[in-house]
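Structure at a glance
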Amino acid sequence: MAAEMPFELRLSRLTVNSLRNLCDAHNVQGASSLLKNELVEFVKKSFDKKTLEDFCRAQEEIYFVENMAKAIKWSASRKIVSVDPDSDYTIVNAIFTLRRSDGYEVYNIRFVNQTTEDVATSCECVDSREKGYFCSHQMSVLVRCLAEGMFTLDQWAGPMTPEAEDLILANVFRKKRKPR
Ligand SMILES: [Zn+2]
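Below is a short write-up of the structure. No experiment lies behind these values; they were computed from the predicted model shown.

Here the focus is the overall build of the protein. Counting its regular elements, the protein contains seven helices and four strands. Along its sequence from the N terminus, the protein presents helices and strands in the succession α-α-α-α-β-β-β-β-α-α-α. Principal-axis analysis of the C-alpha atoms gives the protein an extent of 55 × 45 × 30 Å. By residue count, 39% of the 180 residues in the protein fall in the buried class. Of all intrachain contacts in the protein linking residues separated by at least 6 positions in sequence, the fraction that spans at least 24 positions is 49%. With the model as given, the accessible surface of the protein reaches about 10,600 Å², and the carbon-plus-sulfur share is 50%. A gap of 5 Å separates the mean positions of the 25 positive and 26 negative side-chain charges of the protein.

Printed below as a string of structure tokens:
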């Protein structure tokens, strides 16, 4: 999933806390007073690319599974996740609506699946538009589509991790992952 994403973007979307934790874990001094942009430059100078790539991958997996846990809960609510009834395997249009204390979060989500190898996914939120994440809103639409049998996990060519797949199987389909 993250392999095609530019390395610069993968680094820049990490949180300040996670970048500082990386430095602390390797006893690299001098990170604590830096702002986000300076911190990104600092870790690029302080670590080799392999270490940073491994770190990005680990953080991305955490992002994915944490958001999938939220998405599974949201996907069960018709108030939160509304999928256009004309949607099918080739194109899914949905609206995500979540009530907050200060108003509503509303995002349009779209999956376009023109080939069997790849699916283009989008959401209007900052995590998706600016950081390139497969966000929790898209995940909640994906889980709804799976739960309703619009397509199967095997047919889904978009972003997924083994841990998130386990969560979906256990919580949406109530069955164990098939042995690999
Ligand atoms: Zn989103």
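This next bit is on the packing of aromatic side chains. Across all of its chains, the model carries nine aromatic pairs by this definition. On the numbers, 5.1 Å between centres and 70° between planes, the contact of Trp74 with Phe96 is edge-to-face. Here Trp74, found in helix α4 (residues 49-75), pairs with Phe96, found in strand β2 (residues 91-100); they are 22 residues apart in sequence, far enough to count as distant. For the residue pair Trp74 and Phe96, the accessibility class agrees, reading buried in each case. Here the aromatic residues Phe64, Tyr89, Phe111, Phe134, Phe151 and Trp156 are joined through ring pairs into a cluster of three or more. Its end group placed over the ring of Tyr133, Arg13 keeps NZ or CZ at 3.9 Å from the ring centre. One cation-aromatic arrangement involves Lys49 over Phe7; the distance from NZ or CZ to the ring centre is 4.9 Å.

Rules of the game
Residues numbered from 1 in each chain as written. Predicted model: local features only at pLDDT ≥ 70, side-chain atom pairs only at ≥ 80, totals over all residues. Heavy atoms only, no water. Helix = DSSP H or I, 4+ residues; strand = E, 2+ residues; numbered from the N terminus. Buried < 20%, exposed > 50% of the residue type's maximum accessible area, 1.4 Å probe, protein only. Contact = heavy atoms within 4.5 Å. Areas by Shrake-Rupley, 256 points an atom, 1.4 Å probe, with all protein chains shown as cover. Lys, Arg positive; Asp, Glu negative; His and termini not counted. Charge placed at Lys NZ, Arg CZ, Asp CG, Glu CD. Phe/Tyr/Trp six-rings, centres within 6.5 Å; stacked < 30°, edge-to-face > 60°. Lys NZ or Arg CZ within 6 Å of the ring centre and 35° of its normal.

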